[in-house]
Amino acid sequence: MKTFAFVFPGQGSQSVGMLDGWGEHPAVVQTLQEASDALGENLGALIQDGPKEALALTTNTQPVMLVAGVAAWRVWRAEGGAAPAAVAGHSLGEYSALVAAGVLTLAQAAPLVRLRAAAMQEAVPVGSGAMAAILGMEASQVIAGCEQAQASFGEGSTEIVEAVNFNDPIQTVIAGTKAGVEKACEMLKAAGAKRALPLPVSAPFHSSLMKPAAEKLKAALADVVLAAPQIPVVNNVDVAVQEGADAIRDALYRQAFGPVRWVECVKALKARGVTHIIESGPGKVLAGLTKRIDPELVGAALFDTATLAETRELLA
């Protein structure tokens, strides 16, 4: 069998009916039940019926994406799929990765991500923060452009803009205050970026503006008992594999207001001998990024019974 890793997507890949492709697979039914019990609401109905606007609320998006990623993982294992050499998750997806690795139970993770989402939403009033994807420009230029944009407001200004998601070599997401992000977009386009696309999000995720949310998350994490990882988990904030409970808690705390270093995460997986990266959960965003980060790597997606068969064949 090929040496492979499983990776889990974050916000943005959700869609109404995203679990329909599994039919009534027992692993999916069980996963939905566990998460619904933990949150005291019917997540299955929310995922199946929506509406889309309800799924897009970050307090809903984070739990449903956790569930969708874990469901695909559990189907893979239930159907005899081997354990991967390592796992990782993009932003919120790191929680799915920790469930897959046995660090968190789903019953622990679901309330944690719901709290994380609510705290992030409360940290910055809706409409005052923003995010944008900068395309066709190297990350170092985007970082420099953000620094220049922030400096342009003058000393003592509260405007902030930072590079927060390093998704592929020429796609970086920026976040901060609305004015800060708009200024950076304008300056980066002038400096040669192909596009600067505002993202339809409700908060400036992974920016320093999320520090108040991270403090709430830190307090909640302190009460959660973490198990030792059964599979190495490459984290977002340090691109490191941590085994101690305190180190894992600290990485999750800092991840809330630190950048998602996805390019480096994928390279770290390759450095561990991985040749195939399987995206576990809805959509094909991470599979696409894998190919753009390193054309030598094979990226594939696992989100229904058809892709389950394809993944088995690919890894055989």
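Fair warning: this is a prediction, and the values are worked out from it, not measured in the lab.

Undergrad: Honestly, the sheet that holds strand S1 (residues 4-8) in this entry has me stumped. Any pointers?
TA: Overall, parallel pairing links the four strands, which are arranged S2-S1-S7-S8 in an open sheet. Of all the strands in the sheet, just strand S2 (86-89) and strand S8 (298-302) have a single pairing partner and so form its edges. Recorded for the sheet is a direction-independent mean angle of 25° between the axes of neighbouring strands. By the bridge criterion, four bridges tie S1 to S2 in an arrangement that is parallel. Counted as the bridge partner of phenylalanine 6 is valine 87 from S2. Set on the sheet, helix H5 (residues 93-100) makes contact with S1 and S2; between it and S2 the angle comes to about 150°.

Undergrad: Help me understand the packing of helix H7 (residues 139-151) against helix H8 (residues 178-190), please; the structure alone is not making it clear to me.
TA: Here H7 crosses H8 at 125°, and the two axes come no closer than 9 Å. Viewed along their axes, H7 and H8 adopt a mutual orientation that is oblique. Viewed along their axes, H7 and H8 form a crossing whose handedness is right-handed. Across the interface between the two elements, Gln141, Val142, Gly145, Gln148 and Ala149 from H7 touch Lys183, Ala184, Met187 and Leu188 from H8.

Undergrad: Mind showing me how you'd approach the sheet that holds strand S5 (residues 171-177) here?
TA: Hydrogen bonds between backbone atoms are what pair the strands of a sheet, whose relative direction is either parallel or antiparallel. The antiparallel open sheet is built from four strands, whose spatial order is S4-S5-S3-S6. Edge strands, defined here as strands with exactly one partner in the open sheet, are strand S4 (161-168) and strand S6 (195-198). Direction aside, the axes of adjacent strands within the sheet are offset by 25° on average. Here four bridges tie strand S3 (residues 129-135) to S6, and the two strands are oriented antiparallel to one another.

Undergrad: Help me out: how do you make sense of helix H11 (residues 262-271) in this one?
TA: A turn of α-helix holds 3.6 residues, and therefore any two residues three or four places apart point the same way. Within H11, the full set of buried residues consists of Trp262, Val263, Cys265, Val266, Ala268 and Leu269. In this structure, the buried side of H11 is in contact with S1, S2, S4, strand S7 (276-280) and helix H12 (285-293). The first or second residue beyond H11 is glycine 273, which carries a positive phi of 95°.

Undergrad: Is there a simple way to think about the nonpolar core in this case?
TA: The nonpolar side chains of soluble globular proteins are, as a tendency, buried together. Counting 73 residues, the largest nonpolar core has Phe6, Leu19, Leu66 and Leu104 as the members making the most contacts within it. Sort the elements by how many residues they give to this core and helix H4 (residues 58-78) lands first, with 11 residues. Setting aside anything within four residues of it in sequence, one finds leucine 19 in contact with Val28, Leu32, Ile47, Val67, Ala68 and Ala71. One finds Ala86, Val239, Ile277 and Leu297 within the second-largest nonpolar core, a separate group that totals 19 residues.

Undergrad: What am I meant to see in helix H1 (residues 26-39) here?
TA: Over its 14 residues, H1 runs 20 Å from end to end, which matches the ideal 20 Å to within 8%, given 1.5 Å per residue. Those residues of H1 that fall on the buried side of the exposure criterion are Ala27, Val28, Thr31, Leu32, Ala35, Ser36 and Leu39. When H1 is viewed along its axis, its buried side chains cluster within an angular range of 160° and face the same direction. Among the exposed residues of H1, those oriented more than 90 degrees off its buried face are Pro26 and Asp37. Tucked inside the fold, the buried residues of H1 contact helix H2 (43-49), H4 and helix H6 (106-123).

Undergrad: Help me out: how do you make sense of the state of the cysteines in this one?
TA: Throughout this description, disulfide means a covalent bond between two cysteine sulfur atoms. Summed over all chains, the structure comprises zero disulfides. Considering cysteine sulfurs only, cysteine 146 is the nearest to cysteine 185, which forms no disulfide, with 8.5 Å between them. Residue cysteine 185 is classed as buried on the basis of its relative accessible area, which comes to 10%. With no disulfide of its own, cysteine 265 has cysteine 146 as its nearest cysteine by sulfur position, at a separation of 20 Å.

Undergrad: Hey, could you run me through the packing of aromatic side chains in this one?
TA: Two aromatic rings, taken as a pair, are described by how far apart their centres are and by the angle between their planes. Across all of its chains, the model carries six aromatic pairs by this definition. Taking 6.5 Å as the distance between ring centres and 45° as the angle between the ring planes, the aromatic pair formed by phenylalanine 6 and phenylalanine 8 counts as tilted. For the pair phenylalanine 6 and phenylalanine 8, a shared accessibility class is recorded, and that class is buried. Three or more aromatic residues joined by ring pairs form one cluster here, namely Phe4, Phe6, Phe8, Trp73 and Trp76. One cation-aromatic arrangement involves lysine 211 over phenylalanine 257; the distance from NZ or CZ to the ring centre is 5.3 Å. Here the basic side chain of lysine 218 rests over the ring of tyrosine 253, its NZ or CZ set 4.5 Å away from the ring centre.

Undergrad: In this structure, what is going on with the environment of methionine 1? I would like to understand it.
TA: By secondary structure assignment, the location of methionine 1 is in the segment before S1. Among the residues examined, methionine 1 registers a relative accessible area of 61% and is labelled exposed. Remark: the alpha-carbon pair of methionine 1 and arginine 77, spanning 76 residues in sequence, is separated by 15 Å. Leave out the neighbours within four places in its chain, and methionine 1 touches Ala82, Leu315 and Ala316.

What counts as what
- Residues numbered from 1 in each chain as written.
- Predicted model: local features only at pLDDT ≥ 70, side-chain atom pairs only at ≥ 80, totals over all residues.
- Heavy atoms only, no water.
- Pairing = 2+ DSSP bridges.
- Helix = DSSP H or I, 4+ residues; strand = E, 2+ residues; numbered from the N terminus.
- Axes fitted to C-alpha atoms, helices over the stretch in contact; angles between N-to-C directions.
- Contact = heavy atoms within 4.5 Å.
- Parallel < 35°, antiparallel > 145°, perpendicular 65-115°, else oblique.
- Left-handed = near helix turned anticlockwise from the far one by under 90°.
- Buried < 20%, exposed > 50% of the residue type's maximum accessible area, 1.4 Å probe, protein only.
- Core = buried A, V, L, I, M, F, W, Y, C linked by side-chain atoms within 4.5 Å.
- Expected span 1.5 Å × (residues − 1).
- Arc of directions from axis to C-beta.
- Disulfide = S-S within 2.5 Å.
- Phe/Tyr/Trp six-rings, centres within 6.5 Å; stacked < 30°, edge-to-face > 60°.
- Lys NZ or Arg CZ within 6 Å of the ring centre and 35° of its normal.

Honestly, it's all geometry; don't read function into it.
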